[in-house]
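Fold and contact review
Letter by letter, the chains look like this.
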Amino acid sequence: MDQQSWRLRLHAELPGGEPGDVLGAGVLFGRDLVLTCAHVLPGPAEPVRVEFPVLAGEPKGVSRSAKVVDGHWVERYGRDEGDLALLRLTEPAPVTSTAVLHRDPAPYDTRVTVDGFPRNRSGGLWVDAVLKGPGGHGDEWVQINPVDFHDPDPRGFSGAGVTEAGTGRLLGIMVAVYDTPAGRSPFFHFYMIPAATIAGHLPLVAEHHMTGPRVIPPQLSVAPGHQRTGRPLGLQQTLTCWLNGDDTSWDIETVFLREDDEEADVALRTTLGLADRERSPGLSTTGSSRPGGPAVPHRGSISLAVAAAGRSREQLARDLEPEPARQLTSVVVSLPDRAAAAPGETAGLLRRLADRGARLLLVLHGPAPGLTGELLPAGRAAQWLERLADRADRLSETERAVRDLFRRLEPRVTGLPGPPARHGDRAQLWTAQLAAELEQTQQREQEPAGCPPSGSEMGVAALLQMLSYAEQSVLSALLWAEDVEQRLLAALDRMLDLRGLLAAEQARLADHQRAEDAVAAGQYRRAQQLLTEGPSSLDDVERAVAAFVATVHARLDGGSGVEAAPRQRDAGEGTAARDGGQGTAAARTAGEEGTR
């Protein structure tokens, strides 16, 4: 690619249209569109001067004025997300750029080159670098490590094109983030905003200046406005754990969906969309989650999704073995009961993909012995049963903890979530039944060779399907139970905080011989009554305690008698959040006993 046609330097625009200080770099698309980082610009409404510094046969200093295209300004949000802008030149560029962004993700540790315009470098500066993996805090960007580059002030690189060494493919643009941590010298982090992220934020670029197939085909995608992330939670949790590489998932994972289950189909599409940088609606951040719901997959955690329905072996091969070859790290394949490609042919393609290091998620609608028998280890059913048993035990333990918390809080607090049903007992029964099924299947596999065929291969495949359905149900119940537990723990923490505050302020009054103050004594009795003779709303208790605290402050500290109420905790905050709810029961009991 002729990089002289698209390398741009951005300046502030002075009165009269003259270029001022260098702001950063940019990439030219066609004759009039300029891609850069939002933070290098003075604002979405102010013009800048765009210079073409390396055009052959053109005088130095050729420049044009440019303004941001409506709807194509994305401020940096969160911590390391967004930061994109698309500008339009007020008159065409002197040359036509043929640059296009490539969706195909380059493997990590790929060598790249970046051309920026630091100060006092009239022709710019080329820097070699290496892509290292997801960077920043929002999974939208990719970390870049410069090679042998030690400039302490690299400003002028943000917005510069990042090209793959050897091929010259344009993979994204660079963003330099200046960090000033406490107690340390300031330094820069370097990232690439990849093509998929740019496509998700800037539709004009995605439509006209992007090449390569989308990560998720239309058959497995859902429009952002139609995404639903409510149910089924267990399926979403399984998908998310696999996408995020959780320790509980396997490199070749299998989920079964009933073909007529519309909710499960939407949950599958929604979760895959959250994992795709281009399609994610901005909900996906590392470690984020919703109350009563599974964690959210990291953006960029999926490299390819394939819908195999009606596809021949040759068509599937074009997706799974692309030319030119590229590294696929996490591939989701939806495999219907009836596909054009034979199961053995599909299994062969997937096995070669796995042998090259790809993780696979197989989405099946029914037993598929030809696929699961070829791709899964012989002991997968036993492994799955063990994982299910562990989750069933966790569900039973969580439900017991919830029932105990509910018994303690119900006499004193209103507005509590009701205790969940006893799904744990049912889950443990399922586990025992499936263990018996597995034992019978293993016995059939050991029958002498002369015996009539017993169909043990189909038996294993059918057992895998039952394990998948059972696990999705158990995970759904576990997520709900954990959510209720966190909400009850938050209510208990809040109640104990209010009791402790009430007791501490009453002790202050007593220390100053003001415990008989009529107003304060009445307010204290009211708050104490709500706390001990309930059940009461914690909001009412908080208002009563706040009124007493304000009076004590007025009597002893000369305040106005108006004081803010104690801050209400969010669900999961406080002790529950600090230690995940483990080992806190004794501490809460001690606090509760001490404030009665």
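The structure we're discussing is the one just above.
Below: a short report on this structure. Since the structure is predicted, the reported quantities are computational estimates derived from the model, not experimental observations.

The subject of this paragraph is the packing of aromatic side chains. Geometry of an aromatic ring pair is reported as the spacing of the ring centres plus the angle between the planes. Counting across every chain of the model gives three aromatic pairs. Measuring from ring centre to ring centre gives 5.4 Å for Trp 141 and Tyr 191, while their planes differ by 50°; the resulting arrangement is tilted. Here Trp 141 is found in strand 10 (residues 141–146), whereas its partner Tyr 191 is found in strand 13 (residues 187–194), with 50 residues between them in sequence. Taking the relative accessible area as the measure of exposure, Trp 141 reaches 0% and is therefore buried. Its relative accessible area of 8% is what places Tyr 191 among the buried residues. Between the aromatic rings of Tyr 524 and Phe 548, the centroid separation amounts to 5.6 Å while the plane-to-plane angle is 55°, which identifies the pairing as tilted. Here the residue Tyr 524 occupies a position in helix 11 (residues 518–532), and Phe 548 occupies one in helix 12 (residues 538–557), the gap between them amounting to 24 residues. On the basis of relative accessibility, which here comes to 21%, the residue Tyr 524 falls in the partly exposed class.

As a further point, take a negative patch on the surface. Judged by side-chain charge, Glu 386, Asp 390, Asp 393 and Glu 397 come together as a negatively charged surface patch. What makes Asp 393 partly exposed here is its relative accessible area of 36%.

Next up on the list: the pattern of salt bridges. Applying the stated criterion across every chain yields a total of 30 salt bridges. As a salt-bridge pair, Arg 555 and Asp 517 come within 2.9 Å of each other at their nearest N and O atoms. Of this pair, Arg 555 sits in helix 12 while Asp 517 sits in the loop between helix 10 (456–511) and helix 11; the two residues are 38 residues apart in sequence, bridging distant segments of the chain. For Arg 555, a relative accessible area of 31% puts it in the partly exposed group.

Burial analysis of strand 15 (residues 252–256) places five of its five residues in the buried class, the great majority of the element. Of the pairings in the sheet, the one linking strand 15 to strand 18 (residues 359–364) comprises five bridges and is parallel in character. Paired with Thr 254 across the bridge in strand 18 is Leu 362.

Before going further, it helps to spend a moment on the sheet that holds strand 3 (residues 33–36). Pairing within the closed barrel is antiparallel, and its six strands lie in the order 1-2-3-6-5-4. The sheet shows a mean angle of 45° between the axes of neighbouring strands, direction not considered. Two strands pair when backbone bridges link them, and strand 5 (residues 63–74) and strand 6 (residues 84–89) are joined in this way by five bridges, in the antiparallel orientation. From the neighbouring strand, Lys 67 faces strand 6, where its bridge partner is Arg 88.

Let's shift gears to the nonpolar core. In terms of nonpolar packing, the biggest core is built from 45 residues, with Leu 320, Val 331, Leu 335, Leu 350, Leu 360 and Leu 467 touching the most fellow members. Ignoring anything within four residues of it in the chain, the contact list for Leu 467 reads Ala 381, Trp 384, Leu 385, Leu 388 and Leu 434. Core analysis: the next-biggest nonpolar cluster, separate from the first, contains 44 residues, Phe 29, Val 50, Ala 66 and Ile 198 among them.

This part is about the pairing of strand 4 (residues 48–51). Alternating positions in strand 4 separate into two faces, Val 48 and Val 50 on one and Arg 49 and Glu 51 on the other, with burial throughout. Here strand 1 (residues 7–13) runs beside strand 4; their pairing, made up of four bridges, is antiparallel. Along strand 4, the bridge assignment pairs Ala 12 with Val 48. As paired elements, strand 4 and strand 5 share four bridges and run antiparallel to each other.

Take Ser 65: it is sitting in strand 5. On the accessibility criterion, Ser 65 (11% relative accessible area) is buried. In terms of polar contacts, Ser 65 uses its side chain to reach the side chain of Glu 13, at 2.9 Å. In contact with Ser 65, other than residues within four places in its own chain, are Glu 13, Pro 47, Val 48, Arg 49, Arg 88, Leu 89 and Thr 90.

Okay, the side chain of Ser 536 next. By secondary structure assignment, the location of Ser 536 is in the loop between helix 11 and helix 12. Here Leu 530 takes part through its backbone oxygen, which lies 3.0 Å from a polar atom of the side chain of Ser 536. Residues in contact with Ser 536, not counting those within four places in the same chain, are Arg 412, Val 413, Thr 414, Leu 530 and Val 541.

Mapped onto the fold, Leu 28 is located in strand 2 (residues 19–29). Considering only alpha carbons, one finds Leu 28 and Thr 98, 70 residues apart in sequence, at a separation of 8.6 Å.

The interhelical angle for the contact between helix 11 and helix 12, taken along N-to-C directions, is 155°, at an axis separation of 9 Å. The angle between helix 11 and helix 12 places the two elements in the roughly antiparallel class. Along this stretch, helix 11 crosses helix 12, giving a crossing that reads as left-handed. Residues Val 519, Ala 520, Gln 523, Tyr 524, Arg 526, Ala 527, Leu 530 and Leu 531 of helix 11 pack against Asp 540, Val 541, Ala 544, Val 545, Ala 547, Phe 548, Thr 551 and Arg 555 of helix 12.

About the cut-offs
Residues numbered from 1 in each chain as written. Predicted model: local features only at pLDDT ≥ 70, side-chain atom pairs only at ≥ 80, totals over all residues. Heavy atoms only, no water. Phe/Tyr/Trp six-rings, centres within 6.5 Å; stacked < 30°, edge-to-face > 60°. Helix = DSSP H or I, 4+ residues; strand = E, 2+ residues; numbered from the N terminus. Buried < 20%, exposed > 50% of the residue type's maximum accessible area, 1.4 Å probe, protein only. Patch = residues over 30% accessible without salt bridge, like charges linked within 9 Å, V, L, I, M, F, W, Y side chains within 5 Å. Areas by Shrake-Rupley, 256 points an atom, 1.4 Å probe, with all protein chains shown as cover. Salt bridge = Lys/Arg side-chain N within 4 Å of Asp/Glu carboxyl O. Lys, Arg positive; Asp, Glu negative; His and termini not counted. Charge placed at Lys NZ, Arg CZ, Asp CG, Glu CD. Pairing = 2+ DSSP bridges. Axes fitted to C-alpha atoms, helices over the stretch in contact; angles between N-to-C directions. Core = buried A, V, L, I, M, F, W, Y, C linked by side-chain atoms within 4.5 Å. Contact = heavy atoms within 4.5 Å. Polar contact = N/O pair within 3.5 Å; in protein donor to acceptor, adjacent residues only side chain to side chain. Parallel < 35°, antiparallel > 145°, perpendicular 65-115°, else oblique. Left-handed = near helix turned anticlockwise from the far one by under 90°.

Taken by themselves, the reported measurements are silent on function.
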